[in-house]
Every structure is written in C-alpha cells, then in structure tokens.
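# Results of the structural survey
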Amino acid sequence: MSENQTKWREGYSLAAVLGFLAALYFIYKNSDNALTNWYWLMGLFVLVLAVIGKVMCGTWKGVFVDERNVMSLSRVQMVAWSILVLTAVLALVLHNIETGDGNCLRDATGCVPDIPQQLWLLMGFSTATLVASPVLLSNSGAAEPDQKKSEEITNGLAKQGYQTSEQELSGPLYRNESPQDARWSDLITGEQNSNCLHLDLPRLQMCFFTLVALLIYSVLLHGQLSQAAAFESLPDLSEGLLAIIAISHGGYLVSKASQNSVTTTAPAKNSGTDQPAQ
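Residues numbered from 1 in each chain as written. Predicted model: local features only at pLDDT ≥ 70, side-chain atom pairs only at ≥ 80, totals over all residues. Heavy atoms only, no water.

Along the chain, the regular secondary structure elements total 8 helices and 2 strands. With 278 residues in all, the chain has 40% of them scored as buried. Intrachain contacts of the chain at a sequence separation of at least 6 include 67% that bridge at least 24 residues. Approximately 15,500 Å² of the chain is accessible, and the part contributed by carbon and sulfur atoms is 62%. (Helix = DSSP H or I, 4+ residues; strand = E, 2+ residues; numbered from the N terminus. Buried < 20%, exposed > 50% of the residue type's maximum accessible area, 1.4 Å probe, protein only. Contact = heavy atoms within 4.5 Å. Areas by Shrake-Rupley, 256 points an atom, 1.4 Å probe, with all protein chains shown as cover.)

As structure tokens, this is what we get:
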C-alpha cells in the first residue's frame, strides 16, 4: 500500500470517529424526541459502516462483501437487524434518561429496555446463518466448470454487464477479482460457477422474508418511539413471523448444503493401453 493510500485511510478513519462522536453528542443533547433520534442514529450507523467499507475494501458497500468478493446475503441480513435493533435500544436509552428522574443512571437496568425473547431468537438465526454459510461453502464438492461451460458463463456474465476482468471462474465457486466488483444481484443469484447466471430461489425467498420482517418491525418500533412515555421493552415479534423466518433460514442453509455437496465426475478418457472387452 502506498503512502498516499495509508494517509487517505487514516484521514477517513479519523474523520469517521470524530463525526460519530460529534453526531452522538448532538443526539444526546436533543434526546427528547426518541423517534427523530432513532432516524438520526440509523443514518449515523449506516454512514459509519459505509466509511469503514470504503476504508477497508475500497467500496462503500464493503461491509457486505465476503472473502469471495461477492455480496453476502447473510452479512446484509445481520447488519440490517443489528442497525435496526441497536439504534432503537440506544434511542430508547437516551429517551428514558431524558424523561426519567435520573434514577436509571444509578441503576442501569432502569434505562435499558428489555429485548423480547423472539427478537433474541431472530438475531440468533441471523448469526447462525452468517457463521454456517462460509463453512458450507468451504466444503463445496461442486465440480469446476470445463472450458465449454466457462465460455457459456463468461458470455452470460458479459450480457449482464460484467467486464471480462471482473470474472474469476477457477474453482467451483464464483468469485470476483476485487470487492469493487461485487454487485447487489449477487444476493439472489447462485454461488457456484455453474449457477451464477440463474436466480437462487431459497436466497430470493430469504431476501423477501427479511425485507418483510424488517418492514414490520420498523413499523412497530415507529409506533412505540412516537409515544412520549418512557419505555421498558422493545416491541414483541409475532411468533408466526418468527416461524416463517426460521423456516426461510433453514431452507436457505439446507439448499446451500445440498448444492455444495453435489459433485460432477468428468467421463474417463480411453487410453491407448485400454484392453477391449472380451
């Protein structure tokens, strides 16, 4: 890394830290409106993560890019739920401090809202998927594409707007050469070279379920934070919605495991020493 790049990274990092602290202080001094603070905190967290991605990976979406330089669905899901829940908790803590009589500062449990069990389970699903996904990919038994298949994939990717330099077709799993080449379409397409041109239905399903769950819980948080009273707990999550998310995660992991356990054996070539059948 050049000296200019090092200084650029250090400058970005310092600006991000100072900006985060300044914004957090501003929010704390204006903590009477929990709903507004929640929006400010979400924007602040998104900005900080974008700067971290830019500094570390060279792209604003770097926090979502995995070791194959493609967008990771499990990373997107984990980051989205973390931002939504953590910013809501922080906004409620600041609001409880502002509206309380100060006793919660002496007893921290009085300021921090309870997190429902269903929400803990949902976060656990996201964490388990994030941890299990690279393990399943690392044990991939899918075959490496032959020359004909590689040409088909290259032509298909070119039609989708990929440059030849961005494509890495060695090995069974699709890769990009750098984090900057990662695209949002990676979230819903196959992870192998053999299916990277096609939609992956389990991944698409989990994307939809995650978006719906995030939207529903955001509406619940919006309704609670718009009230003026102090809060003791975050909103409960529907058991039915939790069950749907659990099924989606399970289907996603089972599909990933089954796809990456399939092996393709190339036909054996006849050698000159082969004996004819008697």
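Additional details are given in the paragraphs that follow.
On to the packing of helix 3 (residues 73-99) against helix 7 (residues 201-225), then. Two elements in contact, helix 3 and helix 7, have axes separated by 11 Å at closest approach and are oriented at 5 degrees. It follows that helix 3 is roughly parallel to helix 7 by the angle criterion. Touching Leu73, Gln77, Ala80, Trp81, Leu84, Ala88 and Leu92 of helix 3 are Arg203, Met206, Cys207, Thr210, Ala213, Leu214, Tyr217, Ser218, Leu221, Gln224 and Leu225, all from helix 7. Residues of the contact of helix 3 with helix 7, tallied by class, amount to 13 nonpolar, 4 polar and 1 charged. (Axes fitted to C-alpha atoms, helices over the stretch in contact; angles between N-to-C directions. Parallel < 35°, antiparallel > 145°, perpendicular 65-115°, else oblique. Nonpolar A, V, L, I, M, F, W, Y, C, P; charged D, E, K, R; others polar.)

If you look at the biggest cluster of nonpolar residues, it comprises 42 residues, and the most contacted ones within it are Trp38, Trp81, Leu84, Val85, Tyr217, Leu221 and Leu234. Elements with a minimum of two residues in this core: helix 2 (34-57), helix 3, helix 5 (117-138), helix 7 and helix 8 (239-259). Here this core gets 13 residues from one element, more than from any other, and that element is helix 3. The residues touching Leu84, leaving out its near neighbours within four places in the chain, are Trp38, Met42, Leu214, Tyr217, Ser218 and Leu221. (Core = buried A, V, L, I, M, F, W, Y, C linked by side-chain atoms within 4.5 Å.)

As a further point, take the environment of Gln227. Here Gln227 is to be found in the loop between helix 7 and helix 8. Overall, Gln227 belongs to the partly exposed group, its relative accessible area being 46%.

Going through the model one piece at a time under the given rule, you end up with 3 salt bridges. Of the charged contacts in the structure, one is a salt bridge between Asp66 and Arg68, with a shortest N-O distance of 3.7 Å. Residues Asp66 and Arg68 agree in their burial class; the two are buried. The shortest N-O distance in the salt bridge between Glu191 and Arg68 comes to 3.4 Å. (Salt bridge = Lys/Arg side-chain N within 4 Å of Asp/Glu carboxyl O.)

To continue, consider unusual backbone geometry. Although it is not a glycine, Asn69 adopts a positive phi angle of roughly 65 degrees. Along the chain, Asn69 falls in the loop between helix 2 and helix 3.

Now for the packing of aromatic side chains. This model, assessed by the stated rule, comprises 3 aromatic pairs. Taken together, a centroid distance of 5.5 Å and an interplanar angle of 25 degrees make the contact between Trp38 and Tyr39 stacked. Classification of Trp38 as buried rests on a relative accessible area of 2%. Here the aromatic rings of Phe64 and Trp184 are separated by 5.8 Å at their centres, their planes lie at 55 degrees, and the arrangement is tilted. Of the two residues, Phe64 is situated in the loop between helix 2 and helix 3 and Trp184 in the loop between strand 2 (175-176) and helix 7; the sequence distance between them amounts to 120 residues. (Phe/Tyr/Trp six-rings, centres within 6.5 Å; stacked < 30°, edge-to-face > 60°.)

Here we come to helix 3. Taking 1.5 Å per residue as the helical rise, helix 3 with its 27 residues ought to reach 39 Å, and the 39 Å between its terminal C-alpha atoms agrees with that figure. Burial of helix 3 is extensive: 20 of the 27 residues sit out of reach of the surface. (Expected span 1.5 Å × (residues − 1).)

Here we take up the confidence of the model for the chain. Put simply, the chain has an average pLDDT of 76, and 69% of its residues get 70 or more. Looking at the elements of the chain, mean pLDDT is at its lowest for strand 1 (residues 167-168), recorded as 51, and at its highest for helix 7, recorded as 90. In the model, residues 263-278 has pLDDT below 50 throughout and makes 4 contacts with residues more than four positions away in sequence or in other chains. (pLDDT = per-residue confidence, 0-100.)

Side chains of Val212, Ile216 and Leu220 sit close together on the surface and give an oily, nonpolar patch of about 220 Å² of accessible area. Mapped onto the fold, Ile216 is located in helix 7. Take Ile216: its relative accessible area is 37%, and that puts it in the partly exposed class. (Patch = residues over 30% accessible without salt bridge, like charges linked within 9 Å, V, L, I, M, F, W, Y side chains within 5 Å.)

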